[in-house]
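Geometric and topological summary
This is what each chain is made of:
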Amino acid sequence: MPQAAVSTNETLPQDTQVHAADTYRRGALRWGYFLLLNAIASVLAIAFFVAVFYADGLDPYLAGTYTWLLEHPGVTSMMAFSPLACSLLVGYGYAQRARRRKALAARQAAPGVA
């Protein structure tokens, strides 16, 4: 892993310390926890799959939901459009932040501004 080229600690924030090569103990990978957590996740995933695969008791509710959604196309259109609307909203927020940053830089660069 490449390390950042830092000549002195003066260029770093006050709470940062650069250790010399091979003087800082690296974290040990805990294989037991890794395997245990993967086993738990696998059991949960299999249980969820089996619960959904053999959930015939949900058919009347799911059929009712399907019928309701067919009767209300506006709801399905809104559900399909919502990811695009969210991405547009996030993009608008980033654009607004960039406009504010540019306006601040222009105000600071203007003559006579303290």
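Now for a quick tour of the structure. The structure presented is a predicted model; accordingly, all values stated were derived computationally and were not measured.

Things to note about the overall build of the protein chain
For the protein chain, the count of helices and strands is three helices and zero strands. Per-residue burial for the protein chain yields a buried fraction of 2% across its 114 residues. On the protein chain, roughly 10900 Å² of surface is accessible, and the fraction owed to carbon and sulfur atoms is 66%.

Here we look at the packing of aromatic side chains
Inspection of the entire model under this criterion finds two aromatic pairs. Here F49 and F53 contribute two aromatic rings whose centre-to-centre distance is 5.5 Å and whose plane-to-plane angle is 15°, an arrangement assigned as stacked. Of this pair, F49 and F53 are both found in helix α1 (residues 31-53), four residues apart, which corresponds to roughly one turn of the helix. Under the relative-accessibility criterion, F53 is labelled exposed at 53%.

Section: the packing of helix α2 (residues 59-71) against helix α3 (residues 73-109)
The geometry of α2 relative to α3 is characterised by a closest axis approach of 5 Å and an angle of 95° between their N-to-C directions. The pairing of α2 with α3 is recorded here as roughly perpendicular in orientation. Residues W68, L69, L70 and E71 of α2 pack against P73, V75, T76 and M79 of α3. Per-class residue counts for the contact of α2 with α3 are six nonpolar, one polar and one charged.

The rules we used
Residues numbered from 1 in each chain as written. Predicted model: local features only at pLDDT ≥ 70, side-chain atom pairs only at ≥ 80, totals over all residues. Heavy atoms only, no water. Helix = DSSP H or I, 4+ residues; strand = E, 2+ residues; numbered from the N terminus. Buried < 20%, exposed > 50% of the residue type's maximum accessible area, 1.4 Å probe, protein only. Areas by Shrake-Rupley, 256 points an atom, 1.4 Å probe, with all protein chains shown as cover. Phe/Tyr/Trp six-rings, centres within 6.5 Å; stacked < 30°, edge-to-face > 60°. Axes fitted to C-alpha atoms, helices over the stretch in contact; angles between N-to-C directions. Parallel < 35°, antiparallel > 145°, perpendicular 65-115°, else oblique. Contact = heavy atoms within 4.5 Å. Nonpolar A, V, L, I, M, F, W, Y, C, P; charged D, E, K, R; others polar.

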